[in-house]
Amino acid sequence: MRLAGVGAYAPRFRLSGDAVADALGRFRARGVDSVAVPDADEDALTMAAEAGERALDAAGVEVDEIDALYLASTTLPYDEEAGAGRLGSLLDLGEATRSAQFGGSTDAGGEALAAALDGDDHALVVASDAPRGAFDEAIGHAAGAGAAAIVVAPDGPGRIAGRSAATTTYPGTRFRERGDSETTGLGVTSYDRQAYRETVASAVDGLDAPENADAAALHAPDGDLPYRAAGALGVETDAVTEGIVARRLGDTGAASALLGLAGALDDGAEDVLVATYGSGGAAHAFRVRAERDVPVDAALSGDRTLDFAAARRRAGAFDSGTPEGGGAYVSVPSFRRTLAQRHRLVAGECVACGSLCFPAEGACTDCGAREGYDDAPLSRRGIVEASTTISQGGAPPEFVPQQARAGEYASAIVAFEGPDGGRASVPLQVVLAGESTPEIGDEVVAVPRLLYEQEGVRRYGLKGVPATENRR
């Protein structure tokens, strides 16, 4: 099996180590300049969808060609729920698509890729993570966010020249107790380094000549540990530099090594050593050789800088929750019946006159006919027809937590094109990201985001972000 295309995504917000040091007196994440901070409505699942879409676009593979989905993460929204099902819906994968989910260790990204390579058909591998730790500990200072996705196919420009795995026993290096949201560890530096070095080296030993790799995409809980293990792995420090993203994104957990692979391939590396690692410990190693350019669609750069308080606010430190009363209650069964509209922007084409309607229900707004509708997936890029800003105090109760974390947002009517021409007008929240309300005629892109949470169930859908050259 081969690599046909790679996608990568990181949130646009950055928190610098200097900003943390200004607030707390010190910054304890070695080798990290800044960390990526998820927006108030982003989590591991929405980042996975962003990376998955980009991998499919890069590979030029249609969703109906994907036979299997492999999702890896340690920070999905629920400890118990098949997140792969929600991801498959956001990506428009058919319900017949096989899926598997890997977690419990930051080595999950390697486990997922190995499982996909064991198959003989088209598969999408997605690793996404947003680890958290106490803000007075190194793990909390290094905590970043990001996702990487790979389309594995029988043909493709990226050849897997070798792969291996190893498991050792190192309790206490890093762990998260059941029910906790924050990862911690014993903090015995020499013990942690030994566990990482020995476990990863055991996996890499199963490959041929790792010292000749152009880039070494090693799991990086910070920007220092991979360099300390380079000698034991037989790789040059320059190769580690080519395959590490922790310096600018922080600790990206299960996505760490695959994000490094995406960055290295995007920079033109032809021979990449990939090593995933999970404390405890387990590791997977892969040798990827690009016989031709492996297409990569990556959005890893940041364009918004946060201070410490703003980053904590987006993480929910000052969020008092949803107020009682009011709002639009939508039961989960009712919400599920509209997933095609909410997850994939599917409108209805009137069977009588061909006009597009969104949502597709009731009489056609153009001809008044009630004969019904055919599904009509809309484009993801649209033009703003009308907009207004929802300021503090104006949001419906279900959106108050988001506003408490991210501030005001825009509500807009956006015109999206249908598959055979024509347009449908869609009400859409537009995430401002510190910019002014979009004006009529501005272009926005519909992206997967968390809408709100009711009865403990997260509701996902599409929101608009301003169309910019480096994001979409």
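This write-up is about the structure you can find in this document.

Rules and cut-offs
Residues numbered from 1 in each chain as written. Predicted model: local features only at pLDDT ≥ 70, side-chain atom pairs only at ≥ 80, totals over all residues. Heavy atoms only, no water. Pairing = 2+ DSSP bridges. Helix = DSSP H or I, 4+ residues; strand = E, 2+ residues; numbered from the N terminus. Axes fitted to C-alpha atoms, helices over the stretch in contact; angles between N-to-C directions. Parallel < 35°, antiparallel > 145°, perpendicular 65-115°, else oblique. Left-handed = near helix turned anticlockwise from the far one by under 90°. Contact = heavy atoms within 4.5 Å. Nonpolar A, V, L, I, M, F, W, Y, C, P; charged D, E, K, R; others polar. Phe/Tyr/Trp six-rings, centres within 6.5 Å; stacked < 30°, edge-to-face > 60°. Buried < 20%, exposed > 50% of the residue type's maximum accessible area, 1.4 Å probe, protein only. Patch = residues over 30% accessible without salt bridge, like charges linked within 9 Å, V, L, I, M, F, W, Y side chains within 5 Å. Areas by Shrake-Rupley, 256 points an atom, 1.4 Å probe, with all protein chains shown as cover. Salt bridge = Lys/Arg side-chain N within 4 Å of Asp/Glu carboxyl O. Polar contact = N/O pair within 3.5 Å; in protein donor to acceptor, adjacent residues only side chain to side chain.

1. Considerations on the sheet that holds strand E16 (residues 373-377)
Part 1: Read from one edge of the open sheet, three strands run E15-E14-E16, paired in antiparallel fashion. Looking at the sheet topology across the chains shown, the edges are occupied by strand E15 (356-357) and E16.
Part 2: Where strand E14 (residues 346-350) and E16 come together, five bridges link them in antiparallel fashion. What sits directly across from Val346, in E16, is Pro377.

2. Some thoughts on the packing of helix H6 (residues 189-204) against helix H7 (residues 225-233)
The relative placement of two packed helices is expressed as an angle between their axes plus a distance between the axes.
Part 1: Following both chains from N to C, one finds H6 and H7 inclined at 45°, their axes separated by 9 Å at the closest point. Our classification of the angle between H6 and H7 gives oblique. For H6 against H7, the interelement crossing comes out right-handed. For the pair H6 and H7, the contacting residues are Arg193, Tyr196, Arg197, Val200, Ala201 and Val204 in the first and Leu225, Pro226, Arg228, Ala229, Ala232 and Leu233 in the second.
Part 2: Along the lines of polarity and charge, the residues of the contact of H6 with H7 split into nine nonpolar, no polar and three charged.

3. Structural notes on the packing of aromatic side chains
Given two aromatic rings, their pairing is described by the distance between the two centres and the angle made by the two planes.
Part 1: Applying the stated criterion across every chain yields a total of six aromatic pairs.
Part 2: On the numbers, 6.3 Å between centres and 35° between planes, the contact of Tyr70 with Phe102 is tilted. Here Tyr70 is found in strand E4 (residues 68-72), whereas its partner Phe102 is found in strand E5 (residues 98-102), with 32 residues between them in sequence. Of the two residues, Tyr70 and Phe102, both sit in the buried class.

4. Topic: the pairing of strand E19 (residues 423-430)
Successive side chains on a regular strand alternate, one facing one side of the sheet and the next facing the other.
Part 1: Taken together, the eight bridges between strand E18 (residues 409-417) and E19 define a ladder with antiparallel strand orientation. By the bridge assignment, Ser411 is partnered in E19 with Gln429.

5. Remarks on helix H4 (residues 108-118)
Part 1: Most of H4 is tucked away, with eight of its 11 residues classed as buried.
Part 2: The complete set of buried residues in H4 reads Ala108, Gly109, Gly110, Ala112, Leu113, Ala114, Ala116 and Leu117.

6. Details of unusual backbone geometry
Part 1: Here the bond from Gly280 into Gly281 is cis, since omega is 15°, no more than 30 degrees from zero.
Part 2: Cis geometry marks the peptide bond from Phe358 to Pro359, where omega comes out at -5°.
Part 3: Position of Pro359 among the secondary structure elements: in the loop between E15 and E16.
Part 4: The phi dihedral of Asp92 is positive, around 65°, even though this residue is not glycine.

7. Quick look at a nonpolar patch on the surface
Part 1: A cluster of nonpolar side chains, contributed by Phe175, Leu186 and Val188, occupies part of the molecular surface with about 260 Å² of accessible area.
Part 2: Its location among the elements puts Leu186 in the loop between strand E8 (158-167) and H6.

8. Topic: the environment of Pro448
Part 1: Take Pro448: it is sitting in strand E20 (residues 443-454).
Part 2: Using a relative accessible area of 2% as the deciding quantity, one classes Pro448 as buried.
Part 3: Linking Pro448 and Leu90, residues 358 residues apart in sequence, is a C-alpha distance of 7.2 Å.
Part 4: Each residue touching Pro448, except ones within four places of it in the same chain, is listed here: Thr46, Ala49, Glu50, Glu53, Leu90, Gly461 and Leu462.

9. Quick look at the pattern of salt bridges
Part 1: Counted under the stated rule, the structure contains 26 salt bridges.
Part 2: Glu42 is the partner of Arg449 in a salt bridge, and the nearest nitrogen-oxygen pair spans 3.7 Å. Taken together, the residues span a long stretch of sequence, with Arg449 in strand E20 and Glu42 in the loop between strand E3 (34-37) and helix H2 (44-59) at a distance of 407 residues.
Part 3: Classification of Arg449 as buried rests on a relative accessible area of 6%.
Part 4: Residue Arg304 pairs with Asp303 through a salt bridge whose shortest N-O separation is 3.6 Å.
Part 5: Assessed through its relative accessible area of 27%, Asp303 is described here as partly exposed.

10. Some points on the side chain of Asp224
Part 1: Within the fold, Asp224 resides in the loop between strand E9 (215-218) and H7.
Part 2: Of the polar contacts made by the side chain of Asp224, one reaches the side chain of Arg228; its length is 2.6 Å.
Part 3: With residues near it in sequence (within four places) discarded, Asp224 still touches Arg30, Gly31 and Arg193.

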